[in-house]
Amino acid sequence: MLSLSHILESQLRAAMQRAFPAVEAELNPQLVPASKPEFGDFQANGALPLAKPLKQPPRQIATAIVEQLLKDPTFTDLCLEPEIAGPGFINLTLRPERLAMEVASRLADERLGVPAVQAASPVVVDFSSPNIAKEMHVGHLRSTIIGDSLARVLEFRGHPVLRLNHVGDWGTQFGMLITHLKQVAPEALETADAVDLGDLVAFYREAKKRFDDDEVFQATSREEVVKLQGGDPVSLKAWGLLCDQSRREFQKIYDRLDIRLSERGESFYNPFLAAVIDGLQQKGLLVTDAGAECVFLEGVQGKDGKPLPVIVQKSDGGFNYATTDLAAIRYRFGSGPDGDAARRVVYVTDAGQANHFAGVFQVAERAGWIPDGSRLEHVPFGLVQGEDGKKLKTRSGDTVRLRDLLDEAVERAEADLRSRLAQEERSESEEFIHHVAGTVGLAAVKYADLSQNRITNYQFSFDRMLALQGNTAPYLLYAVVRIAGIARKGGDLDASTTQLQFTEPQEWALVRELLKFDAVIAEVEEELLPNRLCAYLFELSQVFNRFYDQVPVLKAEPEALPSRLALCRLTADTLKLGLGLLGITTLERM
RNA sequence: GGGGCUGUAGCUCAGCUGGAUAGAGCGACGGUUUCCUAAACCGUAGGUCGUGGGUUCGAGUCCCGCCAGCCCCGCCA
């Protein structure tokens, strides 16, 4: 209904101008969706702020606006007579036949009323970003799931999206690991898969410990990084082997989650690091401090009130992550061949990096590397916590591997399903059980994460995410299954309907809910908050379940049947599309 | 010490540019099934929106102070 609201807005604006031609300030109708169903479809709050400048009671102002509205035939064609309520709200109700027309047009539109932008320049979504030589763990869960969903929404809107996996394949950590392996397991640096990933993780832990405790080891590691960054063939080969091995493990997780990503690790920007330093130098932003090249931030003070630096070149000559991030910003906004020519770049990383990104973004801004009219955004999210409110750990206190977490979700979904089948004395094939459990388990993990406002910490709970009632994936999937059930029992959902007619309040409620879809997608695209889409899909499922419970479909009167089937079809299409944008696949039976 | 985020019902959370009596789910309590999967639906109870000021026609939402929790703070990412 976005297009209708735009039309209404301009009609309101015009009516206000006609009613109060003397007012010079911009007249804003303040048109928003009605806060409650009994107030109609939209409400215009614009009369209230005019009370003071016009020295008139707001209801009188609203009356004058409504008077003008009623003189506009395009308005009366669209809406019933407006009502003035409360202190001066103008409540607008669309004509039922217009709502039915909107439904009809969506039934004929595979995009369900969501317009496609004609965008040539890409949007970069930087997400997931695990580290080479480590396993993906619960810390990568949110970035991976949220980033994928945002990418899907942006793609659906028509943006060319670059899904970039900025894997940690460079830097000090590699120096540590390679140095350690040279000493304890040199074969791992020369032969592919000489040690498995689990061992690599153990080696990494040992290396990290030595790095923290042993100054000699620390120095050797730093030298190793410099060698690597300098292109030393032995180091490079070892590095390549480690990356290949990790990459294959990551891919298994991505395949399982149905997530597509282009790997472009930190190392990719290696050739562009020196130019970052030169560029900052040319802009006069660079300051040498204690041997390190820094840019001091404006408006951010550290202890003792001195400005905080962003270090772009360490005193040993090496570059660090800030340098890489700056090079990445230049590359992503830059035009080809060495550039992505993006107009919007978003980073889906944990909220703990907010300061880092604020600093890096400021430096990029001051260096003039963010083109006018383009957007550079950090999309932060909170920690994953256990049900005890602390950082999620295994019972033995280790980090939870992503693989294990997904396995457990699916196992629990399967156990639930089997006990339910037994209870209902249903018999299903093993294939069915595995397919349903796999879909439900992964959907539950994704939905639970996405349905919460990402900025807050997220309390992870298998029991809650797999619950069959409430705002959960199973509840939404069940709504889709119910509609599929209607189709199986003889309802032809694809039957074309020339005349839509709705009589029951439950039908109208469903119609109105269905028509909100386009506005929700626009909101997610803008705000990058997938939980808004989740909230909508949950609401839609509830409204549908109410309809399903209280209004017969297959046993409807012949004149009502086609319209009700059409509502079912549009509901199923909307749920499937919406869930698809969350990265969740639906089922026909469960 | 400085900065960021958070604080809303017993629990987990919504609350979009400030707008009508602050919403949902779970849990609790009470109902509904000869009918499309009851994995559902209907109802009841439950809140000084951390706290004190301020801005204004109007504040959970904006501004300032304070309290509590989490995170970050020069050569890790």
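Just so you know, these numbers come straight off a predicted model, no measurement behind them.

(A) How the structure looks around the domain arrangement of chain A. Taken domain by domain, chain A comprises domain 1 (2-94), domain 2 (172-260) and domain 3 (265-381). On a C-alpha basis, the centroid separation for the pair domain 1 and domain 2 is 65 Å.

(B) Summary view of the pairing of strand β6 (residues 161-165). Burial within β6 is extensive, with four of its five residues counted as buried. Strand direction decides the pairing type here: strand β5 (residues 123-126) and β6, joined by four bridges, are parallel. Note that in β6 the partner of aspartate 126 across the bridge is leucine 164. Taking the sense of rotation as the criterion, the β-α-β connection linking β5, helix α6 (residues 141-156) and β6 turns out right-handed. One ladder, built from two bridges, connects β6 with strand β7 (residues 262-263); its direction is parallel.

(C) Representation of the protein's contact with RNA strand B. In the region of RNA strand B, 72 residues are neighbours, and Asn91, Glu266, Lys314, Tyr478 and Tyr548 sit closest. Each atom of RNA strand B within 4 Å of the protein was assigned to sugar, phosphate or base; sugar and phosphate come to 62%. Between RNA strand B and glutamine 43, the relevant distance is 3.3 Å, taken from a base nitrogen to a side-chain nitrogen or oxygen of the residue. Interatomic distance of 2.5 Å between a side-chain N/O atom of arginine 546 and a phosphate oxygen of RNA strand B. Mapped by element, the contributors of at least two residues to the surface near RNA strand B are β4 (89-92), β9 (292-301), β10 (307-313), α14 (402-424), α17 (473-488) and α20 (530-550). Take the surface near RNA strand B: its biggest share by element is nine residues, from α20. Along the lines of polarity and charge, the residues of the surface near RNA strand B split into 26 nonpolar, 27 polar and 19 charged.

(D) The arrangement of the pattern of salt bridges in detail. This structure, assessed with the given rule, holds 42 salt bridges. In this structure, arginine 418 and glutamate 430 form a salt bridge, with 2.8 Å as the shortest nitrogen-oxygen distance. Taken together, the residues arginine 418 in helix α14 and glutamate 430 in helix α15 (residues 430-450) connect sequence positions twelve residues apart. By relative accessible area, which is 42% here, glutamate 430 ends up partly exposed. Each member of the salt-bridge network shares a partner with another, and the members are Asp148, Arg152, Glu155, Arg163, Asp258 and Arg260.

Thresholds applied
Residues numbered from 1 in each chain as written. Chains lettered and ligands numbered in written order. Predicted model: local features only at pLDDT ≥ 70, side-chain atom pairs only at ≥ 80, totals over all residues. Heavy atoms only, no water. Domains from an automatic or database assignment. Buried < 20%, exposed > 50% of the residue type's maximum accessible area, 1.4 Å probe, protein only. Helix = DSSP H or I, 4+ residues; strand = E, 2+ residues; numbered from the N terminus. Pairing = 2+ DSSP bridges. Right-handed = clockwise from strand over helix to strand, strands pointing away. Near = heavy atom within 4 Å. Polar contact = N/O pair within 3.5 Å; in protein donor to acceptor, adjacent residues only side chain to side chain. Nonpolar A, V, L, I, M, F, W, Y, C, P; charged D, E, K, R; others polar. Salt bridge = Lys/Arg side-chain N within 4 Å of Asp/Glu carboxyl O.

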